[in-house]
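So you can see what is in the structure, the chains are spelled out below.
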Amino acid sequence: MLDRLQSVEDRYEKLNGLLMDPDIINDSKKLREYSKEQSDLQETVDVYREYKSVKEQIDDAKAMLDDKLDADMRDMVKEELSELQSQEKDLAARLKILLIPKDPNDDKNVIMEIRGAAGGDEAALFAGDLYRMYSRFAEAQGWKTEVMEANTTGVGGYKEIIFMINGNGAFSKLKYENGAHRVQRVPETESGGRIHTSTATVVCLPEAEEVEVEIHDKDIRVDTFTSSGPGGQSVNTTMSAVRLTHLPTGTVVSCQDEKSQIKNKEKAMKVLRARVYDKFQREAQAEYDQNRKLAVGTGDRSERIRTYNFPQNRVTDHRIGLTIQKLDQILQGKLDEFVDALIVEDQSSRLDQADR
């Protein structure tokens, strides 16, 4: 572990040098890339340096105990040593967690989709409750919420609502909300006082980054040929027409509108970039749809991650066996206890895997 931490610190120091390099400062892409990498390493380096300092203090305290000290001074040194060893243990535990590979999506904004599932109007009403719960949680974090699409019902709920949560680290806290959420309560329309069970599905996905297309010359095959059709004297006489083939994707574009081969190539490149960009966008959307399909499940009552029981003011997360008797507060957006517990469980699981 210490070798890995030293490598992290060495990389951090190298990034410090790179970020002062005039060539990097003038390259906005590299500057942004290196600045983010340094920021990601900052906490690990800070804790590692504190850990090394505590280790040095422990060595100094142990050396003092080897000297001839009076009883009072020896007791003071022993007490300080005990505190330092406790700090060392805590810092080592933090460093283990910090060395767990970070989810690259953690810092991203969130696209959330909530749909009423089993239970008709009551499920739609519950979908509305969940939307308001997440909106209030986002507000408490200082994040912004923007509705992208909403399909309301006549009773005031949502068949479907899709919204964006903009905020640093939003995905890291909300990514555990994927799945079916079950509600148990007496609907307002229930005259017999019977408790009904309904579900709403929640999908939480990281915002898809804008696809940037970089086309390299080595990836393009350029063919020239004589233009055909109307065009005056140059038709069938000069090699002005251009065909570009983007080899990685197989995208082909031809242009013969201009008399100049250079102008035809410029036009063809614009079309080629647009088509390759569109291809990547559609592939990104297909991946998004597949992730959404995997995340949402069927919405069946038995396929639940969390149950909200109104009569007992109780919320239970079935994945970690955590029950909190504060349903009223949780629906007001006070989700921190669940979020923190799920993060700890995830970290513990990943630590166990790393130790194997």
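Cut-offs applied
- Residues numbered from 1 in each chain as written.
- Predicted model: local features only at pLDDT ≥ 70, side-chain atom pairs only at ≥ 80, totals over all residues.
- Heavy atoms only, no water.
- UniProt positions renumbered as here; feature names shortened; annotations may be inferred.
- Helix = DSSP H or I, 4+ residues; strand = E, 2+ residues; numbered from the N terminus.
- Buried < 20%, exposed > 50% of the residue type's maximum accessible area, 1.4 Å probe, protein only.
- Contact = heavy atoms within 4.5 Å.
- Patch = residues over 30% accessible without salt bridge, like charges linked within 9 Å, V, L, I, M, F, W, Y side chains within 5 Å.
- Areas by Shrake-Rupley, 256 points an atom, 1.4 Å probe, with all protein chains shown as cover.
- Salt bridge = Lys/Arg side-chain N within 4 Å of Asp/Glu carboxyl O.
- Lys, Arg positive; Asp, Glu negative; His and termini not counted.
- Charge placed at Lys NZ, Arg CZ, Asp CG, Glu CD.
- Axes fitted to C-alpha atoms, helices over the stretch in contact; angles between N-to-C directions.
- Parallel < 35°, antiparallel > 145°, perpendicular 65-115°, else oblique.
- Left-handed = near helix turned anticlockwise from the far one by under 90°.
- Expected span 1.5 Å × (residues − 1).
- Pairing = 2+ DSSP bridges.
- Phe/Tyr/Trp six-rings, centres within 6.5 Å; stacked < 30°, edge-to-face > 60°.
- Lys NZ or Arg CZ within 6 Å of the ring centre and 35° of its normal.
- Core = buried A, V, L, I, M, F, W, Y, C linked by side-chain atoms within 4.5 Å.

- Going by an unreviewed UniProt entry, the protein chain carries the name Peptide chain release factor 1 and comes from Metabacillus indicus.
- UniProt annotates the protein chain under Subcellular location (unreviewed entry) with the comment "Cytoplasm".

Quick notes on the side chain of Thr245
So, step 1. You can see Thr245 is positioned in strand 7 (residues 241-246).
So, step 2. Its relative accessible area of 7% is what places Thr245 among the buried residues.
So, step 3. For Thr245, the residues in contact, after removing those within four places along its chain, are Asp219, Ile220, Arg221, Thr251 and Val252.

Thoughts on the environment of Leu244
So, step 1. On the secondary structure map, Leu244 appears in strand 7.
So, step 2. With relative accessibility at 0%, the residue Leu244 sits in the buried group.
So, step 3. As for Leu244 and Asp223, which are separated by 21 residues in sequence, their C-alpha atoms are 6.5 Å apart.
So, step 4. Non-local contacts of Leu244, meaning those with residues more than four positions away in its chain, are made with Ile220, Arg221, Val222, Thr251, Val252, Val253, Lys265, Ala268, Met269 and Leu272.

Structural notes on a negative patch on the surface
So, step 1. Together, Asp70, Asp72, Asp75, Glu79, Glu80 and Glu83 give the surface a local cluster of negative charge.
So, step 2. Following the sequence through the fold, Asp75 ends up in helix 4 (residues 71-98).

So, the packing of helix 3 (residues 28-66) against helix 4
So, step 1. One way to put it is that helix 3 packs onto helix 4 with a least axis distance of 9 Å and a crossing angle of 155 degrees. Relative to helix 4, the element helix 3 is oriented roughly antiparallel. Relative to helix 4, helix 3 is oriented so that their crossing is left-handed.

Some thoughts on the pattern of salt bridges
So, step 1. Counted according to the given criterion, the structure contains 20 salt bridges.
So, step 2. Between Glu88 and Lys55 there is a salt bridge whose closest N-O contact spans 3.2 Å. Taken together, the residues Glu88 in helix 4 and Lys55 in helix 3 connect sequence positions 33 residues apart.
So, step 3. Here Glu88 falls in the buried class, since its relative accessible area comes to 18%.
So, step 4. Each of the salt bridges in this network shares a partner with another, and the network as a whole consists of Glu9, Glu13, Arg49 and Lys52.

Points about helix 1 (residues 2-18)
So, step 1. Look at helix 1: 24 Å from first C-alpha to last across 17 residues, which is about the 24 Å you get at 1.5 Å a residue.
So, step 2. Along helix 1, the residues that are buried comprise Leu5, Val8, Glu9, Tyr12, Leu15 and Leu18.
So, step 3. Buried-residue contacts for helix 1 involve helix 2 (22-25), helix 3 and helix 4.

Let's talk about the sheet that holds strand 9 (residues 306-309)
So, step 1. Read across the open sheet, the eight strands follow the order 2-3-1-5-4-9-10-11; overall the sheet is mixed. The open sheet has two edge strands, strand 2 (144-152) and strand 11 (322-324), and neither has a second partner. Neighbour-to-neighbour, the strand axes of the sheet open up by a mean angle of 15 degrees, direction not taken into account.
So, step 2. Sheet topology note: the strand 10 (residues 314-317)/strand 11 ladder contains three bridges and is antiparallel.

Quick look at the packing of helix 1 against helix 3
When two helices pack together, their arrangement is given by the angle between the helix axes and the distance between those axes.
So, step 1. Put simply, helix 1 and helix 3 touch, their axes get as near as 9 Å, and they point 130 degrees apart. On the basis of the axis angle, helix 1 is oblique to helix 3. Considering only the axes of helix 1 and helix 3, their crossing is left-handed. Counting all contacts with helix 1, which are made through Leu2, Leu5, Gln6, Val8, Glu9, Arg11, Tyr12, Glu13, Leu15, Asn16 and Leu18, the residues of helix 3 involved are Tyr34, Glu37, Gln38, Leu41, Gln42, Thr44, Val45, Tyr48, Arg49, Tyr51 and Lys52.

Regarding the packing of aromatic side chains
So, step 1. Within this structure, the stated rule accounts for four aromatic pairs.
So, step 2. Plain terms: the ring middles of Phe126 and Tyr308 are 5.3 Å apart, the flat faces sit at 65 degrees to each other, and that makes the pair edge-to-face. On the criterion of sequence distance, the pair formed by Phe126 in helix 5 (residues 120-141) and Tyr308 in strand 9 is long-range, its members being 182 residues apart. Considered together, Phe126 and Tyr308 belong to a single accessibility category, that of buried residues.
So, step 3. With centroids separated by 5.9 Å and ring planes inclined at 80 degrees, the aromatic side chains of Phe137 and Trp143 adopt a geometry described as edge-to-face. The same class applies to Phe137 and to Trp143, which are both buried.
So, step 4. One Lys or Arg, Arg185, reaches over the ring of Phe310 and ends 4.7 Å from the middle of that ring.
So, step 5. A cation over an aromatic ring shows up here: Arg306 above the ring of Phe338, its NZ or CZ 4.9 Å from the ring centre.

Comments concerning the nonpolar core
Soluble globular proteins tend to bury their nonpolar side chains together.
So, step 1. Counting residues in hydrophobic clusters, the biggest one holds 32 residues, and the most contacted among them are Met112, Ile114, Leu130, Tyr134 and Ile165.
So, step 2. For this core, the elements supplying multiple residues, two or more each, are strand 1 (110-116), helix 5, strand 3 (158-166), helix 6 (170-174), strand 5 (196-206), helix 8 (327-330) and helix 9 (336-355).
So, step 3. Looking at this core, the element that brings in the most residues is helix 5, giving eight residues.
So, step 4. Discounting chain neighbours no more than four positions away, the residues touching Ile114 are Ala127, Leu130, Tyr131, Tyr134, Lys159, Glu160, Ile161, Phe163, Thr201 and Val202.
So, step 5. In this structure, Leu15, Val45, Val47 and Tyr51 belong to the second largest nonpolar core, which totals 23 residues.

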